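# Observations on chain architecture
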Amino acid sequence: MDFQLTEEHLAVQEAAREFAQSELLPGVIERDEKQEFPTEQIKKMGELGFMGMMVSPDYGGGGMDTKSYVLAMEEISKVDASASVCMSVNNSLVCWGIEEYGSEDLKQKYLPQLASGQIIGAFCLSEPEAGSDATMQRTTAIDQGDHYIINGTKNWITNGNSASVHIIIAQSDVEKKHRGINALIAEKSWEGFTVGKKENKMGIRASDTHSLMFNDMKVPKSNRIGEDGFGFKFAMSVLNGGRIGIAAQALGIASGAYELSLQYAKERKTFGHEIAKHQAIQFKLAEMATKIEAARLLCLQAADLKDQGKNYAQASAMAKLYASQVAMEVSTEAVQIHGGYGFVKEYHVERMMRDAKITQIYEGTSEIQKIVIARGILK
């Protein structure tokens, strides 16, 4: 892999950094406290091309590579992980899934609006009894000839209320088990679609996480992604790419916490000296910087394999596993370096520590990532 960033990569990185500082940083604490979805900020992200970065220009997207996406995700996540998870779902799970596996009609119908941020998407896989085990889908999509009738409940859906387009993973034939699962695109406005309660979360509080209920919701068969029974393979495929996005989010949380800690260590004085001159703090900063760099390289490696069209399942799982661990470790150390101030909201690092934990949970827990990695090793 060539680790040198191109001028285009650097331009994307700088644009994302400027946007995060000018548009996301103001009000980020208040949005976290009030659990307020960043509607206007997400709209501006769409206008700048951050909501459909890898979508072909034929469908209104940026046509960028996955490395550009990782760089942008890191910069956005340094400031606001709630905004970046919305960006991640829309890019990695929804847009990429539709473009890679959807029919031409579905691409034309949904991608231009999704890529531009006019609307946003959601990916509906998790259920009350089907979290990490995606084969145990209780939501049903019964074939009625030219349409499906969907019944069931989905949990922990990012963008659940704000999304206009939802990709729903549902069981059409129980006897076929995972080979009887389908992926269907549904619209929030359709009859039988109900948005449930908003989750009161520890972290990423400004992101829009809801339960969704479907009661005899009619979905045209033309809105099925892929052939009949392709839903499980579809979900596993898009989750591989989703792990790159979440790894980049975790990387950004760690990077943001580290940069704030470095700045604070140079300014805060104890015993007549900046605390950055104390060896105990230097050791912490050195470990933080080293772990972040290792996580960044894992993210870029997974992105590079994806861009080359090679198998990136193991690499994305490694990136997600390690980057999420680093996010938790670095953000915790950032609070420690800040001392009492680290416990105060206005210094941001306590929010980053809360946000970091979710990166070890969604897109598959750390244990799931280890299973994916082990399968790759044992092959």
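Scroll up to find the structure this text is about.
Here is a short report on the structure shown in this document.

### Digging into the side chain of Ser366
Inspection of the secondary structure puts Ser366 in helix α11 (residues 366–378). Residue contacts for Ser366: discarding those within four places in its chain leaves Leu321, Ser324 and Gln360.

### Quick look at the packing of helix α1 (residues 7–24) against helix α3 (residues 39–47)
Axis angle and axis distance: for two packed helices, these are the angle between their axes and the distance between the axes, and together they describe the pair. Running from N to C, α1 and α3 point in directions that differ by 155°, and their axes come no closer than 11 Å. The angle between α1 and α3 places the two elements in the roughly antiparallel class. Crossing of α1 against α3: the hand is right-handed. Contacts from Phe19, Glu23 and Leu24 in α1 reach Gln41, Lys44 and Met45 in α3. For the contact of α1 with α3, the class distribution of residues is three nonpolar, one polar and two charged.

### Notes on the packing of helix α7 (residues 231–267) against helix α9 (residues 313–338)
Look at α7 against α9: their axes get within 8 Å of each other, and the N-to-C directions meet at 25°. Looking at the two axes, α7 sits roughly parallel to α9. In this structure, α7 meets α9 at a crossing whose hand is left-handed. The class makeup of the residues in the contact of α7 with α9 is 19 nonpolar, six polar and two charged.

### A closer look at the pattern of salt bridges
Under the definition given, this model contains 22 salt bridges. The partner of Arg17 in a salt bridge is Glu14, and the shortest N-O contact between them spans 2.7 Å. With Arg17 and Glu14 both in helix α1 and three residues apart, this pair spans about one turn of that helix. Ionic pairing is found between Lys277 and Glu274, a salt bridge with its closest N-O pair at 3.5 Å. Taken together, the shared-partner salt bridges connect Glu14, Arg17, Glu75, Lys78 and Glu259 into one network.

### A closer look at the packing of aromatic side chains
Geometry of an aromatic ring pair is reported as the spacing of the ring centres plus the angle between the planes. Applying the stated criterion across every chain, the model contains ten aromatic pairs. The interplanar angle of 75° and the centroid separation of 5.8 Å between the aromatic rings of Tyr101 and Phe234 together place this pair among those described as edge-to-face. A residue pair is termed long-range when its members are at least 10 positions apart, and Tyr101 in helix α5 (residues 81–101) and Phe234 in helix α7 qualify at 133 residues. Using a relative accessible area of 27% as the deciding quantity, one classes Tyr101 as partly exposed. Note on Phe234: relative accessible area 0%, which makes it buried. Taken together, Trp96, Tyr101, Phe123, Phe230 and Phe234 form an aromatic cluster joined through their ring pairs. A cation sits over an aromatic face here: Lys221 above Tyr148, 5.5 Å from the ring centre.

### With respect to the side chain of Ser207
As for its position among the elements, Ser207 is in the loop between β6 (193–198) and β7 (209–220). Setting aside residues no more than four positions away along its own chain, Ser207 makes contact with Phe37, Ser82, Val85, Lys198 and Lys201.

Analysis parameters
Residues numbered from 1 in each chain as written. Predicted model: local features only at pLDDT ≥ 70, side-chain atom pairs only at ≥ 80, totals over all residues. Heavy atoms only, no water. Helix = DSSP H or I, 4+ residues; strand = E, 2+ residues; numbered from the N terminus. Contact = heavy atoms within 4.5 Å. Axes fitted to C-alpha atoms, helices over the stretch in contact; angles between N-to-C directions. Parallel < 35°, antiparallel > 145°, perpendicular 65-115°, else oblique. Left-handed = near helix turned anticlockwise from the far one by under 90°. Nonpolar A, V, L, I, M, F, W, Y, C, P; charged D, E, K, R; others polar. Salt bridge = Lys/Arg side-chain N within 4 Å of Asp/Glu carboxyl O. Phe/Tyr/Trp six-rings, centres within 6.5 Å; stacked < 30°, edge-to-face > 60°. Buried < 20%, exposed > 50% of the residue type's maximum accessible area, 1.4 Å probe, protein only. Lys NZ or Arg CZ within 6 Å of the ring centre and 35° of its normal.

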